[in-house]
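Here is what each chain is made of, one letter per residue.
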Amino acid sequence: MDVTVVTGASRGIGAACAQRLAARGHAVAVNYRNDGDSATEVVAQVAAAGGRAVAIQADVTDHADVERLFAVARAELGEVSGLVNNAGATLHIGDLAETPPDVIRRVIDLNLYGAVLCAREAAITMSTSRGGRGGLIVNISSAAATLGSPHEYVHYAAAKAGIDALTVGLSKELAGEGIRVNAVAPGLIRTTIHADAGDPERLDRVSQRVPLGHAGAVADVSGPVDWLFSEDAKYVTGAVIRVAGGL
């Protein structure tokens, strides 16, 4: 059985990916930092559908926690062969000059540093030269990486541009280790990320920018992630799949 770690999986895109991959037959490690109740609910939903999952608390910006996350996933579910690097947040909306330095640090730490730490641990765990079985890393990037998100969160956009670079570089670095590395870059998606940043009305306000005319759903993102884990995508690595309605 494939075993996949999904970070930030207690809600939103992460929860949708966990449920979609569980339906594919993966055993899923549902990572969360604070919202244990929601993570437990995701695990219960997977179990009710006949799948296997376990909730694992870990802060992806902490190296020791990341090591523990993968160790617990292996102990509870088996050898890890997949990672969905999803944990992320914007935390604040506004011009860079009006964004507190501590918020900038937290956003970059979570969206880039944490993702790099998790990708590193996945490489250590899954590389065939280190005794792993190979596998797949899917990084969740953002359309912001190329749009820049002026007057909203350029620091977040910069972090997500780093995710795109990580995807391309690591795909080449790990190709000989039996590991494919890809990314999915969502645009405006209906999740709590906007309310969490203090602007719950943002989605409705800016959806008019989208050429297709509306925001996406979490299933619009989990579907491409699921496809990357399929046999149909076995020759795909180093790709950044944009899921942004034309943005």
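What counts, and at which threshold
- Residues numbered from 1 in each chain as written.
- Predicted model: local features only at pLDDT ≥ 70, side-chain atom pairs only at ≥ 80, totals over all residues.
- Heavy atoms only, no water.
- Helix = DSSP H or I, 4+ residues; strand = E, 2+ residues; numbered from the N terminus.
- Buried < 20%, exposed > 50% of the residue type's maximum accessible area, 1.4 Å probe, protein only.
- Polar contact = N/O pair within 3.5 Å; in protein donor to acceptor, adjacent residues only side chain to side chain.
- Contact = heavy atoms within 4.5 Å.

Some details on the side chain of N139
In step 1: For N139, the location among the structural elements is in strand 5 (residues 135-140).
In step 2: Taking the relative accessible area as the measure of exposure, N139 reaches 0% and is therefore buried.
In step 3: Engagement of the side chain of N139 in a polar contact is seen with the side chain of N85, the distance being 3.0 Å.
In step 4: Here T167 takes part through its side chain, which lies 2.9 Å from a polar atom of the side chain of N139.
In step 5: Among residues more than four places away in sequence, those in contact with N139 are N85, I163, L166, T167, V181, N182, A183 and V184.

Comments concerning unusual backbone geometry
In step 1: With a phi angle near 70 degrees, L91 is a residue other than glycine that sits in the positive phi range.
In step 2: Of note, L91 is situated in the loop between strand 4 (82-85) and helix 4 (101-126).
In step 3: Located in the positive-phi region is S149, a residue other than glycine, with phi close to 50 degrees.
In step 4: Mapped onto the elements, S149 comes out in the loop between helix 5 (144-147) and helix 6 (154-174).

The analysis is restricted to geometry; functional conclusions fall outside its scope.
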